[in-house]
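Listed here are the chains, written in short residue letters.
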Amino acid sequence: MTASGWILIALFVAAVAALTRPMGLYMAAVFEGRRTVLSPVLAPIENGFYALAGVKPNQEQNWKGYAAALVMFNFLSAVSLYLILRFQNLLPFNPQDFAGLPPELALNTAVSFVTNTNWQSYGGETTMSYFSQMAGLTVHNFLSAATGMAVAVAFTRGFARKSTTSIGSFWIDITRATLYILLPIAIVFAIYLIWSGIPQTLAGGAMATTLEGVSQDLAMGPIASQIAIKMLGTNGGGFLNANAAHPFENPDALSNFLQMVSIFAIGAGLTITFGKMVGNERQGWAILGAMALLFVIGVGVCYWAETQTTPALAAANVNPLSGNMEGKEVRFGIAASALFAVITTAASCGAVNAMHDSFTALGGMVPLVNIQLGEVMVGGVGAGFYGILLFVILSIFIAGLMVGRTPSFLGKKIEAREVKLVVLAIFSSPLIIMLLTAVAAGTEWGRAGPLNAGPHGFSEILYAYSSGGGNNGSAFGGLTANTPFYCYTLAIAMFVGRFVMIVASLAVAGALAAKPITPETSGTFPTRGPLFIMLVASVVVVEAALTFFPALALGPLAEAAANTLF
Amino acid sequence: MMQHFRAAAVLLGLFTLLVGVGYPLAMTGFGQVVFPHQANGSLITREGQVVGSGLIGQAFSRPDYFWGRPSAAGKGYDGRSSSGSNLGPSSRALAERIQADAARYGGDPSQIPSDLLTASGSGLDPDISPAAARFQVPRVAAARHLDEAKVALLVERAIVAPPLGVLGDARVNVLELNLALDTLAPASSTATPVD
């Protein structure tokens, strides 16, 4: 570990912290329906969209209406994306003449992008037409992010409002999230990314003749516009197979740094949006504090682990002091690769700038554990925030049990109905992850997948379902996932991991909104200090440890302990 | 439910037009007009011929060129098949591959800079570390019948510091270094690749 590595990590934390408040306050203005600096340009477009869609700007929904609208929108999204992918050969912008995707891959990819997972069982440059990339995948990079933000804001309204049934309008929330937040930032970011060297062209690629006289065919495309929203919306699905390790997706260490910041920008800001909307900004900072605590621990472990050697490097007699560069790019080096891996899994982004499969046993376990913790360290846009709110409620409930008082948070009494729904939401994803991992490990179809032998092969399976169920999208990429078995089972994992949690979260929001706000007393558990931060972080860790420790013991922990070749 | 259906279908259609067609095409137009070099892949031409992209590595095997890292992209530096090796930390196949790659440099692996023995994440890494470039100076200078000091100076000039000093690692772009080398002393057309 080097001083410059730690300075990089400190710079990253400082950059995110500096962006948090402006982002948070701006988003609060957007979701409270106030005018913003962009209103003169965007309000006419917004109102036009509502008029054409038959959406009444003043009409709100109760939680069931909100959930029904969300499910309908996401269902239509998945169907239309499936059809675009299936029949891309009949559609324009296909300079490489790619065939339509087979049904299992089209289904897997449609579910993957609609659920903000962006798991990719395919290689972008060998599979996807530009039409599929733009009018299919890019669209859902925006809309799945907007969906997550909408749920986070609806949840927030559950605390901000009292004695009401309405938690906002799904149509208005996704429209405003896309128009006022995602699109303007994506445009600015895309312009920077083109300047930095990411191609933005409709040409089918370029041919070069190398200095040694061999021809090299370079895949390109309208990449920059997709990468901007891929990061900002914590989607993570690459235009090209190697994702953000590919120089055309991530040309240098500065583009890498800004992509890392953009992964966290909205998720961190939402904590302050929450604080602002419930009238208690400090509460937002306390929640961000719990996230930051877990994040920094993960970065430290992963960075340390990647500076160590591995059994394979040691057996080949590579200098042990040079750390583990297998699967990493020189322009990033070990520190920026380890940091990226922790960020992308702390959020539910899933972009990778180095191959997690080739990380050291413990270094690769950090991203895996991050996903299993529920991606609540900043988290996916929206998804991370409603995720941490679920853990906050659970923590408050546990604290209430310990001191024997009725738990309450921000003046809302936490009662049996909310706790049941929270438990359903929190455990839906681990349940499907463990179940499908067991099925894959127990069948020939599943065991045909891993590239690596020994415990690492099991880690590849466990990582895949964790990534799917956690809606992350990164992979231990050696796994051959483009088979009907993996395509279908991962689609199930992604679907359950996304929508059970969303609907349960909206139900909690509805239940909370209906309650009155009771004033805090001296007996109320304090929720803005270090005790609260430690409690929430501990509950997050204990829940995941109790669930996943046995599986981790069979995979990365066994590999680290064995310290031998397979 | 019908009302939900209408709102969902219309908004999905409108957003597809806006962020799925309008946005990427506007960015393409902007990129092609304002930053055409970058938007078209940062291609490098020499004597009117495209010799590669400044951002994408390419395979070098002749002794009179600097060599890049092992590549898992297709059969090596395949610009249409980016990929890492995905071999795990305790993979016997990885240990064997490293030993084979080390043999190319004809030495004890512990003396070879590790980026020359490890495959990059993309398989298209255009860079090597300064240490990896310096390590190859004697071979390249001998193959070109050049003074080692001259080639070493070329390497030092090709080192790019990371942005702000800390955002990444120092690097040397292999293609650009080799182009500079060809300018210094044209490659002999009879040199044979080392495998």
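Note that this is a predicted model, so its numbers are computed, not measured.

**Section: helix α6 (residues 130-160) of chain A**
Residues and elements named next belong to chain A.
Part 1: Compared with the 45 Å implied by 1.5 Å per residue over 31 residues, the 43 Å span of α6 between its first and last C-alpha is a close match.
Part 2: Of all the bends in α6, the largest measures some 30° and sits at L137.
Part 3: When you tally the buried positions in α6, you get 31 out of 31 residues, the bulk of the element.

**Overview of the domain arrangement of chain B**
Part 1: In terms of domains, chain B is made up of domain 1 (2-37) and domain 2 (42-184).
Part 2: Between the C-alpha centres of domain 1 of chain B and domain 2 of chain B the distance comes to 40 Å.

**Describing the domain arrangement of chain A**
Residue and element names in this part refer to chain A.
Part 1: Structurally, chain A comprises domain 1 (3-204 + 219-281) and domain 2 (283-562).
Part 2: On a C-alpha basis, the centres of domain 1 and domain 2 stand 21 Å from each other.
Part 3: Residue-level contacts link 69 residues of domain 1 with 68 residues of domain 2.
Part 4: Looking at the side of domain 1 that touches domain 2, the element that brings in the most residues is helix α9 (residues 253-277), giving 13 residues.

**Brief notes about the packing of helix α5 (residues 137-144) of chain B against helix α6 (residues 148-158) of chain B**
Residue and element names in this part refer to chain B.
Part 1: Across the interface, α5 lies against α6 with an axial gap of 9 Å and an inter-helix angle of 125°. Here α5 is positioned oblique relative to α6, judged by the angle of their axes. Considering how the two elements wind past one another, α5 and α6 form a crossing that is right-handed. Facing V137, P138, V140 and A141 of α5, the residues of α6 in contact are E148, V151, A152 and V155.

**As for the sheet that holds strand β3 (residues 127-128) of chain B**
All names here are of chain B.
Part 1: Pairing within the open sheet is antiparallel, and its 3 strands lie in the order β3-β5-β4. Both outer strands of the open sheet, β3 and β4 (159-160), are each paired with one neighbouring strand and no more.
Part 2: Sheet topology places β4 next to strand β5 (residues 171-173); 2 bridges connect them, and they run antiparallel. By the bridge assignment for β5, V160 is matched with R171.
Part 3: Seen against the sheet, helix α7 (residues 174-184) touches β3 and β5 and runs at an angle of roughly 60° to β5.

**Comments concerning the interface of chain B and chain A**
Part 1: Every contact between the two is made by 90 residues of chain B and, on the other side, 104 residues of chain A.
Part 2: For the side of chain B that touches chain A, the secondary structure elements donating two or more residues are α1 (2-34), α2 (36-39), β2 (49-53), α3 (92-105) and β3 of chain B.
Part 3: For the side of chain B that touches chain A, the leading source of residues is α1 of chain B, giving 23 residues.
Part 4: Per-class residue counts for the side of chain B that touches chain A are 42 nonpolar, 38 polar and 10 charged.

Parameters and conventions
Here the residue numbering is sequential within each chain, running from 1 through the sequence in written order. Each chain gets a letter, beginning with A, and each ligand a number, beginning with 1, in the order they are written. Local features in this predicted model are restricted to residues of pLDDT 70 or higher, and side-chain atom pairs are both shown and tallied only at a pLDDT of 80 or more, whereas totals for entire chains, interfaces and linings draw on every residue. Numbering of helices and strands runs from the N terminus; a helix is a DSSP stretch of H or I covering at least four residues, while a strand is a stretch of E covering at least two. In a helix, the anticipated span is given by 1.5 Å times the number of residues less one. Two axes enter the bend calculation: one fitted to the seven residues ending at the residue in question, the other to the seven starting there, and the bend is the angle between them. Here a residue counts as buried when 20 or more other C-beta atoms fall within 10 Å of its C-beta, as exposed when 12 or fewer do, and as partly exposed in between; the C-beta atoms come from the backbone. What fixes the domain bounds is an automatic or database domain assignment. We call two residues in contact when their backbone-placed C-beta atoms lie within 7 Å. To get an axis, fit a line to the C-alpha atoms, keeping to the stretch in contact for a helix; angles then go from 0 to 180 degrees between the N-to-C directions. An angle below 35 degrees is read as roughly parallel, one above 145 as roughly antiparallel, one from 65 to 115 as roughly perpendicular, and any other as oblique. Crossings are classed by handedness, with left-handed meaning an anticlockwise turn of the near helix from the far one by less than a right angle and right-handed meaning a clockwise turn. Here, a strand pair is defined by DSSP locating no fewer than two bridges between the strands. Under the scheme applied, nonpolar residues are Ala, Val, Leu, Ile, Met, Phe, Trp, Tyr, Cys and Pro; charged residues are Asp, Glu, Lys and Arg; polar residues are all the others, including Gly.

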